[in-house]
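If you want the building blocks of each chain, they are given just below.
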Amino acid sequence: MTGFNPFTSDRALSEAVVREGAGWACQRLAAYGQFAGSAEATEWAALANEYPPVLRTHDRYGNRRDEVEFHPGWHNLMRAAVEHRIHNLPWSEPRPGAHVARAALSMLASETEAGHVCPISMTFSAMPVLAADPALEAEWGPLVRSGVYDPSFRPAAGKCGALIGMAMTEKQGGSDVRANTTRAVRDDGGGYLLEGHKWFCSAPMCDAFLVLAQAPGGLSCFLLPRWTAAGERNAFHLQRLKPKLGNRSNASAEVEFHQARASLVGEEGRGVQTIIEMVHHTRLDCAVGAAALMRRALAEALHHARYRRAFGRVLIDQPLMRNVLADLSLESEAATLLAMRVARAFDENQRAFARLAVALAKFWLAKRAPVHVAEALECLGGNGYVEESVMPRLYREAPLNSIWEGSGNVIALDVLRAIAKERGAFEEVVAEIRLARDPRITALLPASSREFEEGGARRMAERLAVALQASLVTRFSPPAMADAFRQTRLEGDWGRNFGTLPPPADLDGILAAALTPAN
Ligand SMILES: Cc1cc2nc3c(=O)[nH]c(=O)nc-3n(C[C@H](O)[C@H](O)[C@H](O)COP(=O)(O)OP(=O)(O)OC[C@H]3O[C@@H](n4cnc5c(N)ncnc54)[C@H](O)[C@@H]3O)c2cc1C
């Protein structure tokens, strides 16, 4: 399946883009979509994963290099993403709908190759943190808002564009970042020196990183550049690249800081509150990325089923395969609608809604992706298990959106925290759910405060997320899809696997909707 356009062939996405305020971006999305589904991009995506990044710790004289070499395919994908401003659109061209447009572009990029979207997403997400500090904004803002991909390894002052990463996770700390042990002490010049490590630091060739470290005033946020102001390599030492299950095109490093120079961002002791703004934005891309994996997997399954003949008919005409494909289509449709609706909340600065809805969307979509992709893979039979089909890569990638930026339990607990602490968040999400005016949907809402207990956090997150999806699908999807979604996902007339839609489900209507291209 090459030479297709993942935007113009996706009715659900293109309708959502228009509805959520980014209709102006459709041409741009179609243009990037043409690249994203091209034979060229498909080849680069495969090569970037087949030839994963290589770490060069030292030069031949034993001096530290701390560089990572990537396959040219990676650079080509990165260049296209940067030139289409997937890393900065709302910051470089602020206008209503810019977040939705960028989220849709990010979805297309993830459908092509998810690994390279990691530094793209982190750079986008770091900007609100940098923008809050006038000195950092002056130094880094223009580089981040640039549309030039500049992978050269040199001081930022001499570059045409920069990328920003994030390193929070430590061995002993992990989700519990307050247990971080990396220390920050003030140096003579008003900056800080960092000593410690980070256990996961993805895209280590970024130009600077937001990191957390223990300063005299408590856990604080710092910007750590790869080069010092004096034009020397910062003491940011790459120990190892992790051999990962998936996401292989992207490097994820273990790093050590040995008196590395860094600037304080925000106030000492308020590190988590400062970096959380970045995390809030990357969580949106986890939700979008999960929707993207499901959409790509579905598109591959539909394509295969339309051409493969078995037992006298093309697969898509086999009644049981129709049920499987229709069920997968419902899940992908609801995922796309939810991701794009949450993106709009960033455009409209619906802070309370976004705070809760992004956690719901990340939790739920990231949990659905692995099972969805596995079933879609099986639609291709044995060929789906073979690398040349894109399916094994999607399958290996699928669990990741649930792990990084807060694993499932941590996000589910964050849902409870948002409900308890973000004034109006629960009410705004419930108000959106009620817009469908359907008692079957509101029946999912918690009946008592007992459901807000920590041990029930996943149950709560699931129910709110599905209710939100049901509200969106009811209002905006074709009736065949809306009816089947409610009957299965709300009323429980459903099995334990995909392909168990009940007999009244309008499989023809659902599949016709799934195969309808953009208007
Ligand atoms: C490919 C990849 C790239 C990554 N890149 C980066 C990066 O660039 N920068 C970065 O900072 N991090 C990165 N991470 C790290 C990632 O964010 C962490 O792995 C994640 O936040 C979980 O932390 P942990 O691994 O320490 O697990 P732990 O914190 O040890 O958690 C283990 C399990 O316990 C659960 N758990 C934790 N606390 C609770 C609780 N209170 N109640 C119930 N359950 C709980 C978690 O949900 C999880 O399932 C990356 C991870 C991966 C896999």
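Here goes a summary of the coordinates provided. Being a predicted model, the structure only gives us computed values, none of them experimental. (Residues numbered from 1 in each chain as written. Predicted model: local features only at pLDDT ≥ 70, side-chain atom pairs only at ≥ 80, totals over all residues. Heavy atoms only, no water.)

What follows concerns the nonpolar core. Within the largest apolar cluster, 183 residues are counted, with the highest numbers of intra-cluster contacts made by W140, L194, L210 and L365. Look past the residues within four positions of L210 in its chain and what remains in contact with it is A126, V129, L130, G165, M166, A167, C221, F222, L223, V265, I275 and M278. (Core = buried A, V, L, I, M, F, W, Y, C linked by side-chain atoms within 4.5 Å. Buried < 20%, exposed > 50% of the residue type's maximum accessible area, 1.4 Å probe, protein only. Contact = heavy atoms within 4.5 Å.)

Residues of helix α19 (residues 507-515) that are buried: L507, G509, I510, L511, A513 and A514. Its buried side turned inward, α19 meets α1 (11-22), α9 (271-307), α10 (319-347) and α18 (479-490). (Helix = DSSP H or I, 4+ residues; strand = E, 2+ residues; numbered from the N terminus.)

Moving on: the environment of S121. Tracing the chain through its elements places S121 in helix α7 (residues 117-131). A C-alpha to C-alpha distance of 8.0 Å links S121 and S106, two positions 15 residues apart in sequence. Among residues more than four places away in sequence, those in contact with S121 are T282 and D285.

Glancing now at the side chain of E20. Considering the arrangement of structural elements, one finds E20 in helix α1. Residue class for E20 comes out buried when judged on its relative accessible area of 3%. Look past the residues within four positions of E20 in its chain and what remains in contact with it is V100, M340, R341 and R344.

A few words on the layout of surface pockets. In this structure, the second largest pocket encloses a volume near 530 Å³. For the lining of the second largest pocket, the secondary-structure elements that each account for two or more residues are α3 (39-50), α9 and α12 (391-397). At 7 residues, the largest contribution of residues to the lining of the second largest pocket is made by α3. Residues belonging to the lining of the second largest pocket are distributed by class as follows: 7 nonpolar, 7 polar and 9 charged. (1 Å grid on protein atoms, 1.4 Å probe; cavity = no way out; pocket = protein on both sides within 12 Å on 5 of 7 lines; lining within 4 Å. Points joined across faces, edges and corners; volume = space filled by probe spheres on them. Nonpolar A, V, L, I, M, F, W, Y, C, P; charged D, E, K, R; others polar.)

Although it is not a glycine, R85 sits at a positive phi angle of roughly 60°. In this fold, R85 is placed in the loop between α4 (72-83) and α5 (89-92). Its identity is not glycine, yet N247 carries a phi of approximately 55°, on the positive side. Here N247 shows up in the loop between β8 (236-241) and β9 (252-265). Under the relative-accessibility criterion, N247 is labelled buried at 4%.

Counting through the fold element by element, S477 comes out in the loop between α17 (457-476) and α18. Only 2.7 Å separates the side chain of S477 from the side chain of E333, close enough to count as a polar contact. Excluding its chain neighbours within four sequence positions, the residues that come into contact with S477 are E333, L337, L472 and A482. (Polar contact = N/O pair within 3.5 Å; in protein donor to acceptor, adjacent residues only side chain to side chain.)

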